[in-house]
Amino acid sequence: MDRPWTVALMFTLLWMQVNCTTGTTSKLCFPSSFMFGVATASYQIEGAWNVSGKGENIWDRYTHTRPERIFDHGTGDVAADSYHQFRQDVRLLKELGVRFYRFSMSWSRILPTGLTNEVNPDGIRYYKELIEELHKNGIEPLVTMYHWDLPQSLQDLGGWTNPVIADYFVDYAKVLLDNFGDRVKFWLTFNEPLSFCHDGYGGSDAPGDRATGMEDYLCGHTVLRAHAAVYRMFQRDYNHRITDLMGITLDMAWIEPASTSAEDKEAAEITRQFFFGWFPHPIFSKQGDYPPVMRKRIDEMSKRQNFTRSRLPHFTKEEVKMLRGACDFLGLNHYTTYLAKRVQRPLSPIPSFDDDMGVQLSQKADWPKSNSTWLKVVPWGLRKTLNWIKGTYGNPPVFITENGISLEPGLRDPRRINYIDGYLRALHAALTKDKCNVYGYTYWSLIDNFEWTRGYSERFGLYEVDYSSKQRVRTARQSAEYYSSVATTKCLPDKVSGYKL
Ligand SMILES: *[C@@H]1O[C@H](CO)[C@@H](O)[C@H](O)[C@H]1NC(C)=O
Ligand SMILES: *[C@@H]1O[C@H](CO)[C@@H](O)[C@H](O)[C@H]1NC(C)=O
Ligand SMILES: *[C@@H]1O[C@H](CO)[C@@H](O)[C@H](O)[C@H]1NC(C)=O
């Protein structure tokens, strides 16, 4: 039996032990085995960018050399100072009553050169202390190996566009598993390869100024090969307990056709495959390899642009085999929804991901807004996303690893409570009515943090961070109280207005 299905079975047994609803009331409750947690990422919260042997990473370099690319010219030099304040963070986690904490490890804090010729003892110490503090408080670590902060030395070799980086990622992963494998049960290899390949190697995130329609595909290819190699190593050498699980976190916005026309319906499905299928198709589909529509469109477009070979690389037969089934669960980051409309653009000799996809995206003007231009509040999009994953990949085990909203500063945040409540209701329907296999939910984020090119201008935290204080004092927002009630009772309050909106 394929391992993902063994895992599904394990989760299902857990599920059957519990009583899903309270029976007599109409209160919406999650199974008692359902896990609630919160997430952060190393570069966005740690700070301490140049202390105790940490090496430089691509976001250090980018924020220092291209400040105009960051909305408020912010850097992650200090951020929320979690490197020094992590005990405070764990205290907040305890106060919330969450079951797990998703955080990422900084590659260049552990391997300053990016390579294993030098292991930084302070990096190992820092994460050991954090994990110990979590365990002391009964909180399970869910560790992301890579959340966008590539060591600069590896970027100097071409970063993820260079196939050799897959080998170096395996070496790094081995250091993590050797040092933390005995105390961490849940692992994620990558966070959002769509974002860091499409926006980093084809857009304006670090490393910046790369080539869309070319480097983004090379990046994706290396990442997928790296993921499969690490998963196979984990399976072979580290997966000693039945509870040890490894997944990958992928971001999928829901894509709805802009109209009822057949063209727009097709455009929506093409977009889902380009924006999402790109990564899970090789892993979770029966046939493996890239989604056929991506293969076809990019091959054809490359030919029309007079390239000798397709800009979308090919996997070897062995790689297809190695990738297929290389995951215990699918980590899903979901925030919002877009509308897709088919567009015909004249053929450009300069490649681009957007031209390959041939779709125009928009959002409805009357969808409720957040403090991020791209993030509109559309709870039903989550239910549709989960159903699409169920239908497309045969209902694999899914863990929601991010969902959240940015709002303006302030401790009174009724719109955040409404957002979480709305998305949890959609998730509950997907679980109970549609029988989607979802085992956990993670709010992004525990605390306000460095939001990449948006700097500190967008706040996603359940706790507000005071960036003017030396200790980066954290204060609970109203939404922290709401989320804590959900995480500890596993039920949604009857009336959100109980929270003095
Ligand atoms: C670390 O970076 C800070 C700026 O964030 C700078 O003031 C300090 O001198 C640097 N320390 C070292 C040891 O380079
Ligand atoms: C491809 O080559 C053909 C033949 O030389 C030429 O007519 C056509 O314009 C080229 N297409 C592009 C997109 O450069
Ligand atoms: C986000 O909030 C800031 C004020 O804190 C405001 O200047 C900015 O326009 C807002 N952005 C959006 C997209 O609402």
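One structure accompanies this document, and this report is about it. (Residues numbered from 1 in each chain as written. Chains lettered and ligands numbered in written order. Predicted model: local features only at pLDDT ≥ 70, side-chain atom pairs only at ≥ 80, totals over all residues. Heavy atoms only, no water.)

This brings us to the nonpolar core. Nonpolar side chains in soluble globular proteins tend to end up buried together. Core analysis: the largest hydrophobic core is formed by 148 residues, its most contacted members being W160 and L427. Considering each element in turn, this core owes the most residues, eleven residues, to helix α10 (residues 215–238). Ignoring anything within four residues of it in the chain, the contact list for L427 reads F30, F34, L382, L386, I400, V438 and Y441. Within the second largest apolar cluster, nine residues are counted, among which are L188, L245, F329 and Y439. (Core = buried A, V, L, I, M, F, W, Y, C linked by side-chain atoms within 4.5 Å. Buried < 20%, exposed > 50% of the residue type's maximum accessible area, 1.4 Å probe, protein only. Helix = DSSP H or I, 4+ residues; strand = E, 2+ residues; numbered from the N terminus. Contact = heavy atoms within 4.5 Å.)

What follows is about the packing of aromatic side chains. Within the structure shown, the criterion is met by 51 aromatic pairs. Look at W59 and W452: their rings are 4.8 Å apart centre to centre, the planes differ by 55 degrees, and that puts the pair in the tilted class. Placement of W59 in helix α3 (residues 58–65) and of W452 in the loop between β11 (438–444) and β12 (463–465) is noted, with a sequence separation of 393 residues between them. When sorted by exposure, W59 lands in the same class as W452, which is buried. The aromatic ring of Y126 is capped on one face by R109, whose charged end is 5.9 Å from the ring centroid. In this structure, R454 packs its charged tip against the face of F71, placed 4.2 Å from the ring centre. (Phe/Tyr/Trp six-rings, centres within 6.5 Å; stacked < 30°, edge-to-face > 60°. Lys NZ or Arg CZ within 6 Å of the ring centre and 35° of its normal.)

Attention now goes to the sheet that holds strand β9 (residues 359–362). If you trace the three strands from one edge of the open sheet to the other, you get β6-β8-β9, paired in mixed fashion. The outermost strands of the open sheet, each flanked by one partner alone, are β6 (254–257) and β9. Averaged over all adjacent pairs, the angle separating strand axes in this sheet is 40 degrees, with direction ignored. As judged from the four bridges shared by β6 and strand β8 (residues 337–342), these two strands associate in the parallel manner. Bridge pairing links W254 to T337 in β8. On the sheet, helix α16 (residues 380–393) packs against β6 and β8 and is oriented at approximately 95 degrees with respect to β6. (Pairing = 2+ DSSP bridges. Axes fitted to C-alpha atoms, helices over the stretch in contact; angles between N-to-C directions.)

In the neighbourhood of ligand 1, the contacting residues comprise W49, N50 and D77. Within the side chain of W49, an N or O atom sits 3.0 Å from an oxygen atom of ligand 1. A distance of 2.3 Å separates an oxygen atom of ligand 1 from a polar atom in the side chain of N50. Alone, ligand 1 offers 360 Å² of accessible surface; in the complex the protein occludes 29% of this. (Near = heavy atom within 4 Å. Polar contact = N/O pair within 3.5 Å; in protein donor to acceptor, adjacent residues only side chain to side chain. Areas by Shrake-Rupley, 256 points an atom, 1.4 Å probe, with all protein chains shown as cover.)

Further remarks concern the site of ligand 2. Every residue near ligand 2 is listed here: R304, N306 and L347. Contacts to ligand 2 include N306, whose side-chain N or O atom sits 2.3 Å from an oxygen atom.

With that settled, consider unusual backbone geometry. Negative phi is the rule for most residues except glycine; trans is the rule for most peptide bonds. With omega at 5 degrees, the peptide bond leading from A206 into P207 counts as cis. Tracing the chain through its elements places P207 in the loop between α9 (193–198) and α10. In this structure, S445 follows W444 across a cis peptide bond, with omega equal to 15 degrees. Assignment of secondary structure puts S445 in the loop between β11 and β12. Phi at H73 takes a positive value of approximately 60 degrees, unusual for a residue other than glycine. You can see H73 is positioned in the loop between α3 and α4 (82–96). Of note, the phi angle at K490 is positive, near 60 degrees, even though the residue is not glycine.

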